[in-house]
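Notes for the structure review
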Amino acid sequence: MQSFFKLAAVIFTAGIATTFGAATAEYADVVLNHNAEASGERPVIFPHWFHRIRFRCKVCHHELAFEMRAGANEVTMNDLQEGKFCGMCHDGQIAWGLENCGLCHSGRPGLKPGIIGDHKTLGPGRW
Ligand code: HEC
Ligand code: HEC
Ligand code: HEC
């Protein structure tokens, strides 16, 4: 079942990217930093737009149960290792795997959870 969802997500991706690729970059990047910095890691930068043009909203906000409010989700590495949240895709198959700590933990120290960058999306390592 899990792999069916993965496959469905990937197939849908191709269509969405070409159809809506030119729309405006709403929601920019999201900072996730409930526990990361307190545990000695840099804050996580999640490029929302980058993902929105590749996947349907439903994949994350329904199937993965990411609440649609910046800062609302309490995510842990254990969850990700069990294939939840970011871990559904960042498993070394659909997208690069969890061993690439710095690609997610790329924020400057001190960033608060929430939206960053207005309508700009800069991706990892720029904030
Ligand atoms: C790959 C996963 C993913 C996809 C696809 C996705 N989102 Fe999100 N979205 C997130 C995450 C993660 C957050 C931040 C949650 C947090 O900070 O706890 C978020 C946050 C949001 C927010 C909150 C913004 C705010 O100001 O608080 C809205 C609204 C939202 N998404 C709408 C959408 C819509 C509409 C789509 C489809 C066009 C979409 N999302 C697709 C993962 C995704
Ligand atoms: C695909 C993205 C991603 C990757 C790759 C990743 N993390 Fe995380 N990590 C997160 C998210 C999201 C959180 C929750 C952020 C928050 O709200 O504090 C988190 C939280 C953490 C935390 C806080 C405590 C906990 O256990 O949840 C630590 C420590 C951590 N990560 C270490 C690592 C290390 C070490 C690596 C590499 C081996 C890594 N992370 C790779 C996304 C990632
Ligand atoms: C529905 C699948 C999916 C989910 C869920 C998901 N990602 Fe991704 N993510 C991808 C794909 C696919 C790529 C592109 C991978 C590639 O280029 O090889 C990507 C790329 C990225 C990038 C690199 C963006 C760039 O500019 O190159 C970052 C950073 C990232 N994800 C962080 C996260 C974090 C943090 C989460 C959880 C909050 C998350 N992702 C959840 C599928 C997902």
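Structure's up top.
Here the structure is a predicted model, which is why all the values come from computation and not from measurement.

**Some details on the overall build of the chain**
- When helices and strands are counted, the chain shows five helices and three strands.
- Looking at the chain alone, contacts between residues at least 24 apart form 60% of all its contacts between residues at least 6 apart.

**Considerations on the sheet that holds strand β1 (residues 29-32)**
- With respect to topology, three strands assemble into an open sheet ordered β2-β1-β3, the strand pairing being antiparallel. On the outer flanks of this sheet lie β2 (44-47) and β3 (114-116), each paired with one strand and no other. Ignoring which end each strand starts from, the neighbouring axes of this sheet average 35 degrees apart.
- Relative to β2, β1 is paired through four bridges, and the arrangement is antiparallel. Residue pairing in the sheet places Leu32 in a bridge with Val44 of β2.

**Here's the deal with unusual backbone geometry**
- One non-glycine residue, Ala65, lies in the positive phi region at around 60 degrees.
- Inspection of the secondary structure assignment puts Ala65 in the loop between α3 (57-63) and α4 (77-81).
- Residue classification places Ala65 among the exposed positions, given that 10 C-beta atoms sit within 10 Å.
- You will see that Phe85, though not glycine, has its phi angle at about 45 degrees, which is positive.
- Tracing the backbone shows Phe85 in the loop between α4 and α5 (101-104).

**Description of the nonpolar core**
- Judged by nonpolar contacts, Val30, Val31, Leu32, Ala36, Val44, Ile45, Phe46, Cys104 and Ile116 together constitute the single largest core of nine residues.
- Breaking this core down by element, the ones donating at least two residues are β1 and β2.

**A closer look at the pairing of β1**
- Burial of the side chains of β1 extends over both faces: Asp29 and Val31 are buried on one face and Val30 and Leu32 on the other.
- Bridge analysis of β1 against β3 gives three bridges, and the strand direction is antiparallel. When the bridges of β3 are listed, Val30 appears paired with Ile115.

**A few points about the environment of Ser106**
- Within the secondary structure, Ser106 is located in the loop between α5 and β3.
- Taking the C-beta count within 10 Å as the criterion, Ser106 has 18 such neighbours and is therefore assigned partly exposed.

**Things to note about the environment of Gly71**
- Relative to the helices and strands, Gly71 is located in the loop between α3 and α4.
- Residue Gly71 is classed as partly exposed on the basis of its 15 C-beta neighbours within 10 Å.
- Residues Gly71 and Ile115 lie 44 residues apart in sequence; the distance between their C-alpha atoms is 8.4 Å.
- Apart from residues lying up to four places away in sequence, Gly71 is in contact with Pro113 and Gly114.

Conventions used here
Residues numbered from 1 in each chain as written. Chains lettered and ligands numbered in written order. Predicted model: local features only at pLDDT ≥ 70, side-chain atom pairs only at ≥ 80, totals over all residues. Helix = DSSP H or I, 4+ residues; strand = E, 2+ residues; numbered from the N terminus. Contact = placed C-beta atoms within 7 Å. Pairing = 2+ DSSP bridges. Axes fitted to C-alpha atoms, helices over the stretch in contact; angles between N-to-C directions. Buried ≥ 20, exposed ≤ 12 C-beta atoms within 10 Å, placed from the backbone. Core = buried A, V, L, I, M, F, W, Y, C linked by C-beta atoms within 7 Å.

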